[in-house]
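Next come the chains, spelled out residue by residue.
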Amino acid sequence: MTIKPKKINDFTYIVEKQGEMKVPLKIFANEELMKKIEDDDCLQQGINTASLPGIQGFSIMMPDAHRGYGFSIGGVAAIDAENGCISPGGIGFDINCGVRLLQTNLHKDEVQGKIQPLLDALFEKIPAGVGAKAKLRLTPEELEEILVEGAQWTVKKGYGTQEDIDCCEENGKLKQADPSKISDLAKKRGRGQVGTLGSGNHFIEVQYVNKIFNKETAKTFGITKEGQVVVLIHCGSRGLGHQTCSDYLRKMEEAFPEIIAKLPEKDLIYAPAKSQIAKDYFAAMCAAANYAWANRHMIGHQTREAFKEVFGDKVELHTIYDVAHNIAKEEMHMIDGKEKKVWVHRKGATRAFGPGRKEIPDKYQKTGQPIFIPGSMGTSSWVLAGTEHAYEESFGSTAHGAGRVMSRKQANETWQADTLKKELEKVNIIVKSASWRGITEEAPGAYKDVDEVIEVSDKAGIGNKIAQLKPMGVVKG
Amino acid sequence: MKKYEFLDHTADVKFLAYGKTLEEAFANAALASYDIMTDVKKVKAVEEKSIKVTSKKKESLLYDFLEELIVLTDIEGFLLSKVKTIEIKENKSDFTLTATVLGDNGDNYDVHTYIKSVTYSDMFIKETPTQTTIQVVHDI
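Being a predicted model, the structure only gives us computed values, none of them experimental. (Residues numbered from 1 in each chain as written. Chains lettered and ligands numbered in written order. Predicted model: local features only at pLDDT ≥ 70, side-chain atom pairs only at ≥ 80, totals over all residues.)

J.: Please give an account of the overall build of chain B that cites residues and values.
T.: Along the backbone of chain B there are two helices and eight strands. When the helices and strands of chain B are read in sequence order from the N terminus, they spell out β-β-α-β-α-β-β-β-β-β. The C-alpha atoms of chain B give a radius of gyration of 14 Å, which matches the 14 Å a tight globule of 140 residues would have. With the C-alpha coordinates aligned to their principal axes, the bounding extent of chain B is approximately 40 × 35 × 25 Å. For chain B, buried positions account for 45% of its 140 residues. Sequence separation of at least 24 residues holds for 63% of the intrachain contacts in chain B that already meet a minimum separation of 6. (Helix = DSSP H or I, 4+ residues; strand = E, 2+ residues; numbered from the N terminus. Rg over C-alpha atoms; globule rule 2.2 N^0.38 Å. Buried ≥ 20, exposed ≤ 12 C-beta atoms within 10 Å, placed from the backbone. Contact = placed C-beta atoms within 7 Å.)

J.: Summarise the overall build of chain A; cite the residues concerned and give the values.
T.: Secondary structure summary: chain A contains 17 helices and 19 strands in total. Its C-alpha atoms give chain A a radius of gyration of 21 Å, near enough to 23 Å, the size a compact globule of 477 residues would have. Reported as C-alpha extents along the three principal axes, the dimensions of chain A are approximately 60 × 50 × 50 Å. For chain A, the proportion of its 477 residues judged to be buried stands at 61%. Residue pairs at least 24 apart in sequence account for 77% of intrachain contacts in chain A once pairs closer than 6 positions are excluded.

J.: An account of the nonpolar core is needed here, citing residue identities and associated values.
T.: A:Met285, A:Ala288, A:Ala289 and A:Val383 are the most contacted members of the largest nonpolar core, which totals 152 residues. Not counting chain neighbours up to four residues away, the residues in contact with A:Met285 comprise A:Ile91, A:Ile95, A:Thr244 and A:Ala328. Ranked by size, the runner-up nonpolar core spans 40 residues in total, among them B:Ala27, B:Phe65, B:Ile115 and B:Tyr120. (Core = buried A, V, L, I, M, F, W, Y, C linked by C-beta atoms within 7 Å.)

J.: Could you give me a rundown of the interface of chain A and chain B, with the residues and numbers involved?
T.: On the chain B side, the residues contacting the 36 residues of chain A number 28 residues. Looking at the side of chain A that touches chain B, the elements that each hand over two or more residues are α8 (184-190), α10 (238-255), α14 (408-414) and α16 (436-441) of chain A. With five residues, the top contributor of residues to the side of chain A that touches chain B is α10(A). Counted by class, the side of chain A that touches chain B contains nine nonpolar, 14 polar and 13 charged residues. (Nonpolar A, V, L, I, M, F, W, Y, C, P; charged D, E, K, R; others polar.)

J.: Give a detailed account of the confidence of the model for chain B, specifying residues and quantitative values.
T.: Taken over all residues, the pLDDT of chain B has a mean of 95, while the share at 70 or more is 100%. When the elements of chain B are averaged for pLDDT, strand β6 (residues 117-118) of chain B gives the smallest value, 94, and strand β7 (residues 124-127) of chain B the largest, 98. (pLDDT = per-residue confidence, 0-100.)

J.: If you had to explain the sheet that holds strand β3 (residues 25-28) of chain A to someone new, which residues and values would you point to?
T.: Residue and element names in this part refer to chain A. In spatial order, the strands read β1-β2-β3-β4-β5-β13-β12; together these seven strands make up an open sheet with mixed pairing. The open sheet has two edge strands, β1 (6-9) and β12 (326-335), and neither has a second partner. The sheet shows a mean angle of 25 degrees between the axes of neighbouring strands, taken without regard to direction. Of the strands in this sheet, β2 (12-15), β3 and β4 (55-66) touch helix α1 (residues 31-39), which is tilted by about 95 degrees from β4. (Pairing = 2+ DSSP bridges. Axes fitted to C-alpha atoms, helices over the stretch in contact; angles between N-to-C directions.)

J.: Please give an account of the pairing of strand β9 (residues 228-235) of chain A that cites residues and values.
T.: Residue and element names in this part refer to chain A. Counting buried residues along β9, eight of its eight residues qualify, which places the element largely inside the surrounding structure. Here seven bridges tie strand β7 (residues 98-107) to β9, and the two strands are oriented antiparallel to one another. Paired with Gly-98 across the bridge in β9 is Cys-235. Bridge analysis of strand β8 (residues 203-212) against β9 gives six bridges, and the strand direction is antiparallel. Its bridge partner being in β9, Val-206 is matched across the sheet by Val-231.

J.: I'd like a description of the packing of helix α5 (residues 140-149) of chain A against helix α12 (residues 276-311) of chain A, backed by residues and values.
T.: Residues and elements named next belong to chain A. Contact geometry for α5 and α12: axes closest at 7 Å, N-to-C directions at 100 degrees. Between α5 and α12, the angle falls in the class roughly perpendicular. The residues of α12 that touch α5, namely those facing Ile-146, Leu-147, Val-148 and Glu-149, are Ala-287, Asn-290, Tyr-291 and Ala-294. (Parallel < 35°, antiparallel > 145°, perpendicular 65-115°, else oblique.)

J.: Run through helix α17 (residues 450-460) of chain A, naming residues and quoting values.
T.: Residue and element names in this part refer to chain A. Residues of α17 that are buried include every one of Val-450, Val-453, Ile-454, Val-456, Ser-457 and Ala-460, and no others. Along the long axis of α17, the arc covered by the buried residues comes to 160 degrees, so they all point the same way. Of the residues flanking the end of α17, it is Gly-461, one or two places downstream, whose phi is positive at about 75 degrees. (Arc of directions from axis to C-beta.)

J.: Before we move on, can you summarise the sheet that holds strand β5 (residues 95-105) of chain B with the specific residues and values?
T.: Within a beta sheet, neighbouring strands are joined by backbone hydrogen bonds and run either parallel or antiparallel to one another. Residues and elements named next belong to chain B. On the basis of which strands lie adjacent, the open sheet formed by three strands has the order β3-β5-β4 and antiparallel pairing. Edge positions in the sheet fall to β3 (47-55) and β4 (78-90), since each has one partner strand and no second. Across this sheet, the average inter-strand angle for adjacent strands is 20 degrees, counted without regard to direction. Inspection of the sheet shows β3 paired to β5 by nine bridges, in the antiparallel sense. From the neighbouring strand, Ser-50 faces β5, where its bridge partner is Thr-100. With respect to the sheet, helix α2 (residues 58-76) is in contact with β3, β4 and β5, its orientation differing from that of β3 by roughly 145 degrees.

J.: Can you tell me about the packing of helix α1 (residues 22-37) of chain B against α2(B), naming the residues and giving the values?
T.: All names here are of chain B. Running from N to C, α1 and α2 point in directions that differ by 40 degrees, and their axes come no closer than 11 Å. As judged from the angle between their axes, α1 and α2 are oblique. Handedness of the crossing formed by α1 with α2: right-handed. On the side of α1, the interface is formed by Phe-26, Ala-29, Ala-30 and Ser-33, while α2 contributes Leu-62, Phe-65, Leu-66 and Leu-69. Residues belonging to the contact of α1 with α2 are distributed by class as follows: seven nonpolar, one polar and no charged. (Left-handed = near helix turned anticlockwise from the far one by under 90°.)

J.: Can you break down unusual backbone geometry residue by residue, with the values?
T.: Of note, the phi angle at A:Asp336 is positive, near 50 degrees, even though the residue is not glycine. Inspection of the secondary structure puts A:Asp336 in the loop between β12 and β13 (338-347). Non-glycine residue B:Asp122 carries a positive phi angle of around 55 degrees.

J.: Quick rundown of the pairing of β13(A)? Include the residues and the values.
T.: Residues and elements named next belong to chain A. Alignment of strand β5 (residues 73-80) against β13, held across six bridges, turns out to be antiparallel. Its bridge partner lying in β13, Ala-78 is registered against Val-344. When β12 meets β13, the two strands line up antiparallel, connected through 10 bridges. Bridged to Asn-326 within β13 is Lys-347. Between β12 and β13, which pair antiparallel and follow one another directly, the connecting turn spans two residues, one of which, Asp-336, has a positive phi of 50 degrees.

Here is the structure:
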């Protein structure tokens, strides 16, 4: 089947309903990004998603979309939570992979000369790379508590602050979590990894505010001036989350052979909403999401300690917000004029709730929620604000990153770690990595231009530009 | 004969693994998986681990076998150097794989990427009387 997306305006394309599709596919992209999406052979995945039972409105692809398994990365689907289904491939292996942004009272001029010792301190406090070597050793009982209480557990134990919790999606805890739905193997993987970064594209980046686009909203977010230093943390639920996704993919595969037989791709497997497996998976996914929030919260705490070690006790770091970009959330949305409960699958997509929505913190009620979009290593990252328009357009969702265009294999063949490191140093960006090759795989040239992704989000009105951030130093997992 | 080769995949890692038999292809898929994480040729064969998995289909057997290895790496820091023995038995309604693998602790090596999970994406096992070819995509 040749897929011919129809251009609706400068930032939206539609693929009309055809074949098995229950709804049309909507793609947020400009011409250039659309070409990259077409080249990556992932439109078919958006079309496959449109065939899921109970999908509402549109199957949606974000401007940073690229090929995934089951859903594309950058895929959004709102699926009827009573009569539809839930699909682990629509969430991803790294359940609640996400980003947290902290603002500081430092100016880039104060940090520039101390960036190397700062990265060393971060690297020392936050274990990165393969294997489980968290500073925090958990008993099996403590792990159960984390799965129920999420980031709130860590504050009880004296790590981080109540403000961190107030400024976190879901206050760092999904109430529907049930740790008994997480396998012993997943728990075993999770016990030693709270407060660790992992590897791949996960990182901690020290950045400064390069440009503010909306002063008032930025101020509400705690971004007060250009040159202000901020810290972006990107990671997820580590081995516990990966194992949970894998466990339920396998369970669904065994339970529903008749569904598998009809699917264009095995990884698109789903459980009908009324089945016990759907309920179990949702409860397990919530528990893994809580684990991820506890993890990012601990890393935030360790980041604060590293800054205090280098800059003394006067330095202050406040969490602006923490957002998930691999998750399914139970939300109410207006569909055909009626409020309906849906599971909004966001796989490589960020919630973008606008002003007035009860799910977002009081302090952001007038501005809409903060959204953070990390760029590739060495390029800009962005702070956006959620909009009311996003409910109509994208079930309150926007993009999540730059999106890869080049394979890791090609990236390794194209760049050499030491020259890449020197090139970044020339523009005042220092990289510290657990591994050399990890650097080339994440080379900026292997990604789309994040600024273009942001332009599309802004123009489509699904996430408005607030501030552009530039990197100074990166700790890579 | 080539043991395995990597293919282009935008976000994750895709490879083909070959063998004269199903067992050999499985063993080479394990080697390819560790070649993603580290320079597998440098890993010493000083620790031995036993693996046993039972699964309904050959594809799920491959998935479960590679997942066992990923879990060993995640929990114990184990890096594979070679597959010492591997046997796949067809039972009445499922398959059983037993293997012993050799390797070393990851602390001693430059490990540049970690595999989050095996996936079923584009997975196939093609068997002819003389050769088996396997394709796998790992999420990293």
